[in-house]
Every structure is written in C-alpha cells, then in structure tokens.
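Geometric and topological summary
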Amino acid sequence: MIHIKDLRKTYKTPKGVFEAIKKIDLKIEQGEIFGIIGPSGAGKSTLVQCINLLEKPDSGSITLNGQVLTGLSEIELRAQRRRIGMVFQSFNLLSRRTVFNNVALPLEIAGVNKEEIKSRVDELLNLVGLSHLSDRYPAQISGGQKQRVGIARALACHPDVLLSDEATSALDPETTANILDLLRDINRKTGITIVMITHQMEVVKQICDRVAVLSHGAVVEVGATADVFANPRHDVTRAMVSAATESNLSEDSLEILVARLKTWVQAHPGQDAAIWELHLHDAQVSGGLFSGAAKHEGVSFSLLQAKVEDIKGVAVGKLYVQVQGSAQAILNARQALSNEAGVQIQEVVYESAND
Ligand code: ADP
C-alpha cells in the first residue's frame with residue numbers, strides 16, 4: 001500500500017549538512033494501523049513531511065498504491081495530496097468556521113457541489129459522533145471534540161491513508177483513549193490504512209497492528225506490536241518499553257524486605273532466601289507460572305510486586321518475587337524457572353547465601 005524505499009533527507013545547517021533521515025525502508029500494508037514511534041529528534045516529523053509531500057527527499061521513493069509520489073510536478077502533487085488525510089496534534093481548525101464548515105472545507109476546495117457536501121459532512125459528523133455540535137465554533141468545543149472534527153475533515157475526500165501526526169499528544173489520557181478507539185473503529189468500518197506517528201508508547205500499544213521504531217533517522221526495529229514489546233531488540237526500543245512498563249521496587253521497600261529476610265534466615269538455620277527480578281516476554285502467564293519451579297520441595301515463592309500488561313494477548317512485564325528455602329532448593333527452582341518459556345531472571349536483587 002505504502003512503500004518507502006531507500007529514503008534519505010538532509011538539511012543544510014550553518015554547521016554543515018545534517019542527515020535527518022539516513023535511510024528508511026518501510027512497507028505498510030493495506031488496511032493496517034501502522035505505528036511509527038521514536039524519541040524526539042528521531043526524524044518522525046521529517047518523515048511525515050516527506051510522506052505528505054511537503055518536503056522533497058534527497059533520494060529514494062515513496063509509492064502509494066502503485067503510484068510513485070516522489071518526483072511529481074506541483075500540479076500532480078496537489079492531486080496526490082488528497083489521497084492522504086492528515087490529522088495534527090494542534091488540530092489546525094479554522095476558528096471562524098463552524099464544526100460543519102471546517103469539515104466541509106476540503107470538499108469546497110475540491111469543487112464538490114453543495115448538496116453532496118451537506119450529505120458527506122452529515123455522514124462524517126455522524127461517524128465521529130459530533131452531529132449534535134455541527135453549529136458550534138472550535139472555541140466552544142473540547143480538545144477531544146476538536147480532534148474528532150480534525151479526523152472528520154481528514155476523511156472528507158475519501159483518502160487512501162489517514163496520516164496521524166501526534167494526534168493525541170495534546171490530549172489527556174482518557175480523551176486519548178477515546179480518540180484511539182474512534183480511529184480503530186473507523187479503520188474497522190472503512191478499512192482505511194492508518195499511519196500513526198507518535199512518541200507515545202500508549203498509542204502504539206492500544207491500536208497499532210505493527211510498529212516501526214525510529215532512531216537517529218533510521219528504522220532500528222519493525223514488527224508486530226506484541227513482538228516488538230515482548231522482545232525489544234534495540235536499546236531505543238528497550239528504553240521505551242521499560243519506561244512504559246516501569247515498576248521498580250523502591251530503594252526503601254527493598255531495604256525493608258532485605259532486612260526482614262535476613263532476620264528470617266538467621267532464625268531458620270539451613271534456610272536461604274532471595275529476591276529475583278523476573279521479566280516476562282511472550283509468557284502465557286497464569287496461576288501456574290511458578291508451578292514447575294515450586295514443585296521442588298521446600299521452596300516458597302511470594303510475589304512482591306508485579307506490573308504485567310496484556311499487549312494484544314501477550315503478557316509482558318516485570319515481577320519481583322521472594323524465594324525462601326534451602327540453598328539447593330532455591331538453585332533448583334531457579335533452573336526450573338529459566339526453563340519456563342518466556343520467563344527470564346533478569347536480576348538477582350538479593351541472595352542471603354552471598355551475604
Ligand atoms: P522528530 O519529529 O522525531 O522529533 P524531526 O524530524 O523533527 O524529529 O528532526 C530530526 C532531526 O532533524 C533533528 O535533529 C532536527 O533538529 C533536525 N531538523 C529538522 N528539521 C530541520 C531543518 N529544517 N533544518 C535543520 N535541521 C532540521
């Protein structure tokens with residue numbers, strides 16, 4: 001559907017030539033919701049501007065449904081731009097136009113007649129749930145409602161792709177979730193391909209089928225959202241995933257837990273104790289996670305803290321567990337856990353045997 005091939009873009013700066021996009025190759029399929037995520041400065045805006053034809057890449061090509069977009073004349077570009085609907089972080093609504101007239105604008109520019117405009121705008125406002133606010137002005141509606149207007153306007157001319165540039169970055173978490181639900185709904189109802197450019201992991205997690213991770217002007221990782229979250233391969237992805245699933249035990253609680261375990265070990269000769277940090281990737285987590293490990297006689301587990309999320313049906317997250325038993329039993333349990341698919345002992349936070 002969208003094929004970005006060997007794309008490069010440099011900017012001339014007073015300090016010399018800056019490579020904003022070093023080399024990007026991406027294939028986005030018809031009907032999917034594709035996320036492009038990366039930290040600030042990764043090249044996301046530059047990529048958006050190349051896709052929506054506002055910036056000319058230095059080299060490489062962008063093909064939309066078989067039509068090469070790069071290297072077109074200004075008139076051809078204008079026609080092609082209609083095939084891409086844009087949704088912006090700042091909504092970009094015209095304050096002197098009503099909700100209805102904002103959505104009507106691209107249709108007016110395209111020369112559509114009044115009757116058709118009326119029926120198309122009514123249909124779009126119904127799709128985004130704003131029919132009752134069609135006579136309001138942008139200043140009289142909420143941020144989430146403004147973005148609904150932005151989405152309706154972007155869809156007005158039946159584009160092939162909806163390109164969302166940080167569309168939820170200015171919204172609170174609840175409104176963000178509502179807007180993402182709406183986009184998912186529109187994708188299901190109309191089959192439109194959606195490209196979400198974002199720096200928010202939440203956005204990718206909630207609706208993207210696949211995701212590409214951008215860093216320093218290059219794609220460092222691409223794959224199904226659940227795979228990328230469960231097995232992040234690149235440092236940038238790992239940092240973004242761990243920031244989104246952060247759940248470290250605080251120093252204070254760790255100190256208290258260790259002190260308590262030390263006292264327990266002193267009072268129980270022949271027994272040891274440990275605290276492990278476990279990471280789950282791909283694990284089918286159930287009550288039975290520790291069953292294999294716990295079969296080893298005389299070892300007991302207590303869950304200290306957990307943050308496990310269901311990302312597209314796959315459990316991903318981090319657990320802290322406390323283990324008590326003989327040194328041999330703890331060792332056996334550790335081996336049994338390492339054999340459990342998708343579970344990894346990331347760190348031995350404390351082990352009494354090492355004291
Ligand atoms: P992102 O959207 O991921 O934050 P950008 O595409 O805005 O990243 O920027 C990528 C890099 O290119 C940044 O280092 C930025 O400073 C640089 N850059 C962007 N636009 C220009 C420009 N017009 N001139 C020079 N450098 C630019």
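Presented here is a report on the structure given in the accompanying data block. Since we're looking at a predicted model, the values are computed, not measured.

Regarding the overall build of the protein chain
A tally of helices and strands in the protein chain yields 12 helices and 14 strands. A compact globule built from 355 residues would reach a C-alpha radius of gyration of about 20 Å, whereas the protein chain, at 26 Å, exceeds it by more than 25%. By its C-alpha atoms, the protein chain is 85 × 50 × 35 Å across when sized along the principal axes. Looking at the 355 residues of the protein chain, the share that counts as buried comes to 48%. Contacts spanning at least 24 positions in sequence make up 69% of the contacts within the protein chain whose residues lie at least 6 apart. Summing over all exposed atoms, the protein chain offers an accessible surface of approximately 17,400 Å²; the carbon and sulfur share of this is 49%. Computed over 37 positive and 41 negative side-chain charges, the inter-centroid distance for the protein chain is 8 Å.

Regarding the environment of Ile186
Checked against the element boundaries, Ile186 lands in helix H6 (residues 173-190). Residue Ile186 is classed as buried on the basis of its relative accessible area, which comes to 0%. Ile186 sits 181 residues away from Lys5 along the chain, and the two C-alpha atoms are 28 Å apart. Once you skip the residues sitting within four places of it in the chain, Ile186 turns out to touch Leu127, Val128, Ile151, Leu155, Gly191 and Ile192.

Notes on helix H12 (residues 327-339)
Over its 13 residues, H12 runs 19 Å from end to end, which matches the ideal 18 Å to within 8%, given 1.5 Å per residue. Looking at H12, one finds that the buried residues are Ala329, Ile330, Ala333, Ala336 and Leu337. Each buried residue of H12 sits inside an arc of 125° when the element is viewed along its axis, so together they form one side.

Comments concerning the site of the ligand
In the neighbourhood of the ligand, the contacting residues comprise Tyr11, Thr13, Phe18, Ala20, Pro39, Ser40, Gly41, Ala42, Gly43, Lys44, Ser45 and Thr46. A distance of 2.9 Å is found between an oxygen atom of the ligand and a backbone nitrogen or oxygen belonging to Lys44. Between the ligand and Ser45 there is a distance of 2.7 Å, counted from an oxygen atom to a side-chain nitrogen or oxygen. When the free accessible area of the ligand is taken as 560 Å², the share hidden by the protein chains comes to 63%. At the level of elements, strand E1 (2-13), strand E2 (16-28) and helix H1 (44-51) are the ones that each hand at least two residues to the shell around the ligand. With three residues, H1 is the largest single contributor of residues to the shell around the ligand. Each residue belonging to the shell around the ligand can be placed in one class, and the counts come to five nonpolar, six polar and one charged.

Comments concerning empty space enclosed by the protein
Tallied over the full model, the rule gives two cavities of 30 Å³ or more. One number sums up the size of the largest cavity: a volume of about 30 Å³. Looking at the largest cavity, the residues that line it are Ile2, Ile51, Ile62, Leu64, Leu69, Ile84 and Val161. Of the residues assigned to the lining of the largest cavity, the class counts are seven nonpolar, no polar and no charged. Computed from the structure, the second largest cavity encloses a volume of approximately 30 Å³. Lining the second largest cavity are Ser164, Glu166, Ala167, Thr168, Met196, Ile197, Thr198, Gln200 and Val203. Of the residues forming the lining of the second largest cavity, the biggest block, three residues, is contributed by strand E8 (residues 193-198).

Re H1
For H1, the tally of buried residues reaches six of eight residues, placing the bulk of the element in the interior. Burial in H1 covers these residues: Lys44, Thr46, Leu47, Val48, Cys50 and Ile51. Where H1 terminates, the next one or two residues include Leu53, which has phi positive at roughly 70°.

Concerning the side chain of Glu277
For Glu277, the location among the structural elements is in strand E11 (residues 272-283). By relative accessible area, Glu277 is classed as buried at 7%. A distance of 2.7 Å separates polar atoms of two side chains, one belonging to Glu277 and the other to His279. Among the polar contacts made by the side chain of Glu277, one reaches the side chain of Tyr320 at a distance of 3.5 Å.

Analysis parameters
Residues numbered from 1 in each chain as written. Predicted model: local features only at pLDDT ≥ 70, side-chain atom pairs only at ≥ 80, totals over all residues. Heavy atoms only, no water. Helix = DSSP H or I, 4+ residues; strand = E, 2+ residues; numbered from the N terminus. Rg over C-alpha atoms; globule rule 2.2 N^0.38 Å. Buried < 20%, exposed > 50% of the residue type's maximum accessible area, 1.4 Å probe, protein only. Contact = heavy atoms within 4.5 Å. Areas by Shrake-Rupley, 256 points an atom, 1.4 Å probe, with all protein chains shown as cover. Lys, Arg positive; Asp, Glu negative; His and termini not counted. Charge placed at Lys NZ, Arg CZ, Asp CG, Glu CD. Expected span 1.5 Å × (residues − 1). Arc of directions from axis to C-beta. Near = heavy atom within 4 Å. Polar contact = N/O pair within 3.5 Å; in protein donor to acceptor, adjacent residues only side chain to side chain. Nonpolar A, V, L, I, M, F, W, Y, C, P; charged D, E, K, R; others polar. 1 Å grid on protein atoms, 1.4 Å probe; cavity = no way out; pocket = protein on both sides within 12 Å on 5 of 7 lines; lining within 4 Å. Points joined across faces, edges and corners; volume = space filled by probe spheres on them.

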